Each structure stands twice: as C-alpha cells, then as structure tokens.
Amino acid sequence: MALPTAPNFLPTDATQTKAWRALTDHYINLKDTKDTLKKWFAEDPERVQNFTFELDQFLIDLSKNLATQETLDLLCNLAKEVKLEERRDAMYAGKHINTTEDRAVLHTALRRPASEVGTLIVDGQDVVADVHQTLNKMYAFCDRVRSGEWKGISGKPIKTVVSIGIGGSDLGPVMVYEALKPFADAGITARFVSNIDPADLGEKTKDLDPETTLFIIVSKTFTTLETLTNARCARTWLLEKLTEQGVIDGSNVQNAEAIRKHFVAVSTALNLVEDFGIDPENAFGFWNWVGGRYSVDSAVGLVLALVFGPQRFAEFLSGFNAVDEYFKNTPLRQNVVALMGLLNVWYVNFFGVASHAVLPYSQYLHRFPAYLQQLTMESNGKSTRWDGTAVTSKTGEIFWGEAGTNGQHAFYQLIHQGTQIIPADFIAFANTAFASKDADLDVHELFLSNFFAQTKALAFGKTADEVRAEGTPEWMVPARVFEGNRPTTSIFGKELNPRAIGTLIALYEHITFVEGVVWGIDSYDQWGVELGKQLAKQIFPAIHNDEELAKQDASTQSLVAFYRKNRR
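Everything numeric here is computed off the predicted structure, so don't read it as measured data. (Residues numbered from 1 in each chain as written. Predicted model: local features only at pLDDT ≥ 70, side-chain atom pairs only at ≥ 80, totals over all residues. Heavy atoms only, no water.)

A.B. asks: Before we go on, may I ask you to explain the pattern of salt bridges in this structure?
C.D. replies: Side chains that differ in sign of charge can pair as their charged atoms come close. Taken as a whole, this structure holds 28 salt bridges when the rule is applied. Where E85 meets K80, a salt bridge forms, and the shortest distance between an N and an O atom there is 3.0 Å. A residue is classified by how much of its surface remains accessible, and K80, at 48% relative accessible area, is partly exposed. Two residues, E149 and R144, come together in a salt bridge whose shortest N-O distance is 3.4 Å. (Salt bridge = Lys/Arg side-chain N within 4 Å of Asp/Glu carboxyl O. Buried < 20%, exposed > 50% of the residue type's maximum accessible area, 1.4 Å probe, protein only.)

A.B. asks: Could you clarify how one ought to interpret the packing of helix 5 (residues 84–93) against helix 20 (residues 498–519) in this entry?
C.D. replies: Each packed pair of helices is defined by two parameters, the angle between the axes and the distance between the axes. At a minimum axis distance of 10 Å, the contact between helix 5 and helix 20 shows a crossing angle of 125°. Relative to helix 20, helix 5 is oriented oblique. In this structure, helix 5 meets helix 20 at a crossing whose hand is right-handed. In this structure, helix 5 contributes L84, R87, R88, M91 and Y92 to the contact, and helix 20 contributes H510, F513, V514 and V517. Considered class by class, the residues forming the contact of helix 5 with helix 20 number 6 nonpolar, 1 polar and 2 charged. (Axes fitted to C-alpha atoms, helices over the stretch in contact; angles between N-to-C directions. Helix = DSSP H or I, 4+ residues; strand = E, 2+ residues; numbered from the N terminus. Parallel < 35°, antiparallel > 145°, perpendicular 65-115°, else oblique. Left-handed = near helix turned anticlockwise from the far one by under 90°. Contact = heavy atoms within 4.5 Å. Nonpolar A, V, L, I, M, F, W, Y, C, P; charged D, E, K, R; others polar.)

A.B. asks: Just to check I follow, could you spell out the domain arrangement of the chain for this structure?
C.D. replies: By a frequent convention, interface size equals the accessible area lost on bringing the separate parts together. Looking at the assigned domains, one finds that the chain contains domain 1 (14–95 + 330–519), domain 2 (152–308) and domain 3 (528–566). The gap between the C-alpha centroids of domain 1 and domain 2 is 37 Å. The interface of domain 1 with domain 2 comprises 19 residues on the first partner and 16 residues on the second. For domain 1, the biggest contributors to the area lost against domain 2 are Y364, Y371 and Q374; these three give 35% of the whole. Linking domain 1 with domain 2 are 1 salt bridge, by the criterion used here. A salt bridge links R293 to E378; the shortest N-O distance between them is 2.9 Å. Viewed at the interface, domain 2 and domain 1 are joined by 7 residue pairs in polar contact (both at pLDDT 80 or more). (Domains from an automatic or database assignment. Buried area = accessible area lost by both parts, 1.4 Å probe. Polar contact = N/O pair within 3.5 Å; in protein donor to acceptor, adjacent residues only side chain to side chain.)

A.B. asks: Quick question: what am I supposed to make of the layout of surface pockets here?
C.D. replies: It is the rolling of a water-molecule-sized probe over the atoms that shows where space remains empty. In this structure, the largest pocket encloses a volume near 1,100 Å³. Lining the largest pocket are 40 residues, and of these T224, Q526, V529, E530 and K533 lie nearest its centre. Of all elements in the fold, only helix 9 (225–244), helix 15 (368–380) and helix 21 (530–539) reach the threshold of two or more residues within the lining of the largest pocket. For the lining of the largest pocket, the element with the most residues is helix 21, which contributes 4 residues. Tallied by class, the residues present in the lining of the largest pocket amount to 13 nonpolar, 17 polar and 10 charged. Looking at which domains feed residues into the lining of the largest pocket, each of domain 2 (152–308) and domain 3 (528–566) supplies at least three. (1 Å grid on protein atoms, 1.4 Å probe; cavity = no way out; pocket = protein on both sides within 12 Å on 5 of 7 lines; lining within 4 Å. Points joined across faces, edges and corners; volume = space filled by probe spheres on them.)

A.B. asks: Just to check I follow, could you spell out the UniProt feature "active site" (unreviewed entry) in the chain for this structure?
C.D. replies: As recorded in UniProt, the sites labelled "active site" (unreviewed entry) are E378, H409 and K533. The annotated residues occupy 156 residues of the chain and do not converge on a single region, their most distant C-alpha atoms lying 36.8 Å apart. Considered against the largest pocket, the annotated residues that line it turn out to be E378 and K533. Position of E378 among the secondary structure elements: in helix 15. Looking at E378, its side chain comes within polar contact range of the side chain of R293, at 2.9 Å. When you line up the elements, H409 lands in the loop between strand 11 (398–400) and helix 16 (412–417). (UniProt positions renumbered as here; feature names shortened; annotations may be inferred.)

A.B. asks: I tried to follow a nonpolar patch on the surface on my own but got confused; where do I start?
C.D. replies: A contiguous nonpolar patch, built from L441, V443 and L446 and spanning about 220 Å² of accessible area, is present on the exposed surface. Within the element layout of this structure, L441 appears in strand 14 (residues 441–442). Judged by its relative accessible area of 37%, L441 falls in the partly exposed class. (Patch = residues over 30% accessible without salt bridge, like charges linked within 9 Å, V, L, I, M, F, W, Y side chains within 5 Å. Areas by Shrake-Rupley, 256 points an atom, 1.4 Å probe, with all protein chains shown as cover.)

A.B. asks: I tried to follow unusual backbone geometry on my own but got confused; where do I start?
C.D. replies: Most peptide bonds adopt trans geometry, and most residues besides glycine take a negative phi value. Of the consecutive residues G404 and T405, the connecting peptide bond is found in the cis state with omega at 5°. Within the chain, D56 stands out as a residue other than glycine whose phi angle is a positive 55°. You can call D56 partly exposed: its relative accessible area is 35%. Phi is positive for N485, which is not a glycine, with a value near 60°. Among the secondary structure elements, N485 is positioned in the loop between helix 19 (477–480) and strand 15 (488–493).

A.B. asks: Looking at this structure, I do not really get the sheet that holds strand 11. What am I missing?
C.D. replies: Neighbouring strands of a sheet are bound in pairs by backbone hydrogen bonds; such pairs are parallel or else antiparallel. Strand order in the open sheet formed by 6 strands is 1-2-15-12-10-11, with mixed pairing between adjacent strands. The sheet is open, and its two borders are formed by strand 1 (52–55) and strand 11, each paired with just one other strand. Averaged over all adjacent pairs, the angle separating strand axes in this sheet is 15°, with direction ignored. Where strand 10 (residues 355–361) meets strand 12 (residues 424–429), 5 bridges bridge the pair, whose relative direction is parallel. (Pairing = 2+ DSSP bridges.)

A.B. asks: Honestly, empty space enclosed by the protein in this entry has me stumped. Any pointers?
C.D. replies: One pass over the full model with this rule turns up 5 cavities of 30 Å³ or more. Here the largest cavity defines a volume of roughly 70 Å³. Taken together, N65, M340, L343, N344, Y347, H356, P423, A424, D425, P487, T488 and T489 make up the lining of the largest cavity. Residue assignment for the lining of the largest cavity shows that the elements contributing at least two residues are helix 14 (336–351), strand 12 and strand 15. Counting residues per element, the lining of the largest cavity draws most heavily on helix 14, which supplies 4 residues. Looking at side-chain class alone, the lining of the largest cavity contains 6 nonpolar, 5 polar and 1 charged residues.

A.B. asks: Would you take a moment to explain the packing of helix 4 (residues 69–81) against helix 14 for this structure?
C.D. replies: Two numbers describe how helix 4 lies on helix 14: the axes approach to 10 Å, and their chain directions differ by 95°. For the element pair helix 4 / helix 14, the angle class is roughly perpendicular. Mapping the contact onto sequence places T71, L72, L75, C76 and A79 in helix 4 and L339, L342, L343 and W346 in helix 14. Residue composition of the contact of helix 4 with helix 14, by class: 8 nonpolar, 1 polar and no charged.

What follows is the structure, given as structure tokens:
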C-alpha cells in the first residue's frame, strides 16, 4: 500500500488560540476567587435548567461541573478556532481524516437508515447501500438460526454462540450482550473468547455441547494472531468432541461439513475464510473505514443480532443514529455532546487531571467502563498530531470505573477526599428489568438514592462546622470534612434498552472525537498497539532456540530462562 501524502487539513494549535489564552485567564480567576459549586448554585437559581440537556431518552445534567456559563462560552470559542464543526462535517462526508492510514472514518454510516441509500458516495462506493446489503444478509442468517432452520451437523438447533475476537472485535459485543441480557428471547446464549491464554477458550467451552454450538470468528483480515489461534483451537475442540460423541467419524468429508455447520466468519478475507473451512457465503464483511473500537454496530455485532434478534439490533442502530444527527445538527452552545468533550479538555489541560471515572448505576453496564477504556484511550492516547508534528498539550485521560454501588465500597474514598480531582460520569436509569422489594422497600429506589446522593456529596461536601454540629471530637473533624467541588455529570435514562445502549456508545464516540480535534490528533489510528505484537512474534522462537534467545536483551533472557526451568 502506498504511503499517504501529508494531510492538507492541518490541525490548529489550540494552545496558540485566543480562546485558549482566555481560558487560561478564566481558570486562574476561578482558582484565585475560590468560587465553589455551592456558591454558584446559591447565586444562580436557573443553573440546573441552563446546564441540563435532553439527548434522546436521556437527561444529562452538567450543573455539577466546575464550569460557569462563561466557561462554556469560552470552550465553544475554542471549538470554533480549532474548526471542530468543519472537522466533524469532513468526517460525516467521508473525507480521509484518518491521515496516517489515508482512510475515511465512517462509523456513523453504519447506522444511517436505508432511506439514505445513494446519499453518501465515498471512494466510488455507495456506502449506505453497502451497509444495508450486509445488514440484510446478517438479518436473514439470524432469522434462520433463531427459528431453528439452521441446524448443526447432527440436526440439532443452535443454543450457544461463541464469538471469538479481540480488542474492538470483542469488547463491544461483550459489553452490549451483558447490557441487554433481559432482551434475549430465542433461547440462545452467547460466550466470548478473546484472550490467547488457553484458559479463556477452555473455560468457555468445557461445558458446551458441540452439537448445539456455533462459533463466530471475528477478524477483518482473518490474520489476527490471537483470534486465529483461538479459532484453530476451537475447530480442534469441535471435531474432537463430535468424534468422541460418535456424531462424525473424523473423516475429512465429515470434518469439513461439521466446520461449515458450526463456524461462520466476520471478515472480508474470503480466501482465508474458505481456507479455514468456513463457507464464504457465511462470511459477513465490514470495511477499512470502520475502526475496531467503532465496529460493534457493524457485522462485528452479529452475535448480538443472533441473541436479541434483527428488530432489536435495528433499534440499537437507531440509538446511534439519533446521537449522530443531534451532534451534526445542534449548535455548539446547545450541543451537550460537544460540551461534554470540551469539558474533558477543560479538566485535562487546565486542571491537570489525569483520569476520568465512569460509574454506571446499573449492573447490566458493568462492562461499560472497560469498553470505554479502549474507545477513549486507544483513540486519544497519542503524542503526535495528525500532521506528524508533536502535540502541544496534554492529551487523553485514563478512563476507569465500576458499577455502583460496588464502587462505593472500593474507590469512592479517593474521589471524595483524595488529593486528585477525578471528574466522574454517573449513569442510571429510571426503570429496571427487575423490581425487587424487601417488605415495603423499593430496592431500585434505594439504589437510585445512592446515585442521587453521590453526586450531591461530591459537589457540595460537608464543612467543618457541619461535622462539629454532629458532635464529632475536634481532633477528628478534619478527617470527616468533605471539601466538595468534585465535578460530576449525571446521565439519567428512562430504561436500558437496545436504543439506549446505542445512544450511550455514540455519545462517548463523539466526545472522544471532540477531544481529538482540540488536541489535533488522529483519533482513528492505533500504532501504539503494534510494537509489542511485533516483538512477541520475534521472541516466540527464542523460547526454545538458544541462538534466537541470545539476540534478546538480558531481562528477556532471564525471564525465558525462568520459564524453561519451571515449565512442567
């Protein structure tokens, strides 16, 4: 592939803009005057109204952030100066904003409705038509499996789907599967294998019936080391188990038929798919303008369409599209998606924060923080701008979190009373799939009371006088004071359903984009993941070859020697 030419859409150095200088002065003024959230709420009775936005099924409250109306105005001025809107429009139009790979960035096209076929031609292709052709093929396949028409080698219907992928081909489907479990309605469950550690595949298959198991191998190039290693092991497991059970005799003909009945692929490398033994007709493609961490709404989400059905997958896509349209068409100052991204810049570059907590008050979203780690940190963990020059400010945040109320008994202490400011997003839903009651106590309301209380405590804290009024000994007062002014955003939805989870994912996709534009980085490449993988291939022969081991550094030699000595 030819190397891309230097981009003609050069990044603006945000630190040299008028808005950046104004924000610097504004931050110093806020810091010096010791303005507090408690004071801002008291002085502005309309603060909540002015800082609260509706986004599809969600209410998003920014009022407990360390920002005033002037802060938001200045941040929007910064967005204008770095040409955020122009960059956004270029992305939607299919311009090659992924500069280091010379590619369009079109995950938004994955959820455009069929009515838009013919409206987006990129590199000579009708992108929306291509997307819906693949969706229709996916849906037809899912209907066959869900209805029982598709059967395994012994004539039994599929009961378990095992999706084998890694990175973006795994984190998104796993997270959404966990989030939407109440919507599984076809008697099909899913398992996910990503780690090359043999324990992952072993644990996921040890109690499965091979006659009712379908494997999905998810690899765009069908060359991903971890995925193909696990795929080959899964193939061996299937054939050995079917032979042990007397379903097949282990002949080449029966083996080939078993693979075709129990394996499908999400890949565009049809020749490699066929070489593996999978019928190319059962391969579902996606495109080089879809990054792995942005691909859950493509054929990568086939496992979701199988478990939850095509209709619910379509609802999932509609949630993405609602945010896409909102982000594209809403003026910056009223655009909560843009504002959330700009507030993250405000905290990273002016307050010097290093991390960002995402705290879902929904057990079904327990994998959401892990999903966001890849989305945000692989996208914006860069030190080079999209034109090859060095960044001029801090970039990226460490995203982390845990489902409430579990986190309250783990790390909330640090957020409340630690020496670091950690902005936190709290996510909850008004309705739940399970309405548990303990006598007359509505447990979901008790749960939500914690959601309401935590952001209040973080914002307003508790003064020394309030602590003393509780009869606390004077020597103990400092330990029980809560400073407050810990910034939070509340994201409150009606219920966690397919459309809602699509909305949440798209919200953070665009937040990540906004940050990347301000920092001038290419949020859509991931060269940082390559070096370790390349070295692993080089080191692998050294494990048993002294000549190759001698080429390694002293530390690697020592570690390999320990392995050789202790491997049973």
